[in-house]
Amino acid sequence: MHDVRAIRADAAAFDSALARRGLPPASAEVLAHDEARRAALAAVQEKQARRNAIAREIGQAKRGGADTSALETEALALREEIAALEAEAAAAEARLTHVLERLPNRLDAEVPDGPDESANVVLHVHGTPRPAEGMKQHFDLGEAMGLMDFARAAKLSGSRFTVLMGALARLERALGQFMLERHTQANGYTEVAPPLLVNDATMYGTGQLPKFAEDLFHT
């Protein structure tokens, strides 16, 4: 999530970064919520300081036998005002988070500008591509060899899925095993088997929420 301090320091640069993604400016809304939050917190601190001062005054007045009813009434009013301001700050914080967590990351400076993938730039080419004329698509080959079943997958899951069978299913499993063995044995990684279900905080921390909330399964 974006650092509001960086937006506060250079709102124009933040909006320019959003424009590179084809998004409208957002700094004004962000800073409005941020200012509301900061103003409420500043007011809380000011009233807390007054409440602390009243507490001292009440102590001194009681030791001197003076009437403290007015001070106690003010202290009670301050407590209510502080609670209202804290709620106001929390609401502004929630609004600020709601805006920031839905904004994409900034693009790297080397990413080319453009409306879609047509503006992508080829950085490296390895080898010489073979001509595509006469070549069959992988799904045509898979079905012809009896290794891919799209009709059965459509019944199970819907379109754009396939059931892998036989040698192709074993190949997929072998590739996963090869990747794990390669990285754990040769590259020093530690194999980890995390839980299959995680909480909202985990999904939020890995960027899956809130953007992909509609695409996730939950219990």
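Look up a bit, the structure's there.
Residues numbered from 1 in each chain as written. Predicted model: local features only at pLDDT ≥ 70, side-chain atom pairs only at ≥ 80, totals over all residues. Heavy atoms only, no water.

Caption draft 1: Structural view of the side chain of T184. Within the element layout of this structure, T184 appears in helix α7 (residues 166-186). A distance of 2.6 Å separates the side chain of T184 from the backbone oxygen of L180, its partner in a polar contact. If near-sequence neighbours (up to four positions away) are discounted, T184 is found in contact with Y189, T190 and E191. (Helix = DSSP H or I, 4+ residues; strand = E, 2+ residues; numbered from the N terminus. Polar contact = N/O pair within 3.5 Å; in protein donor to acceptor, adjacent residues only side chain to side chain. Contact = heavy atoms within 4.5 Å.)

Caption draft 2: Focus on the packing of helix α3 (residues 27-63) against helix α4 (residues 69-100). Closest axis-to-axis distance for the α3/α4 pair is 8 Å, and the angle between their directions is 160°. In terms of axis orientation, α3 runs roughly antiparallel to α4. Seen from above, α3 lies across α4 with left-handed handedness. Residues of the contact of α3 with α4, tallied by class, amount to 18 nonpolar, two polar and 15 charged. (Axes fitted to C-alpha atoms, helices over the stretch in contact; angles between N-to-C directions. Parallel < 35°, antiparallel > 145°, perpendicular 65-115°, else oblique. Left-handed = near helix turned anticlockwise from the far one by under 90°. Nonpolar A, V, L, I, M, F, W, Y, C, P; charged D, E, K, R; others polar.)

Caption draft 3: Representation of unusual backbone geometry within the structure. In this chain, L209 is followed by P210 through a cis amide linkage whose omega measures 5°. With respect to the helices and strands, the residue P210 is situated in the segment after α8 (200-205). At R160, a residue that is not glycine, the phi angle is positive and equals roughly 70°. When you line up the elements, R160 lands in the loop between α6 (150-156) and β2 (163-164).

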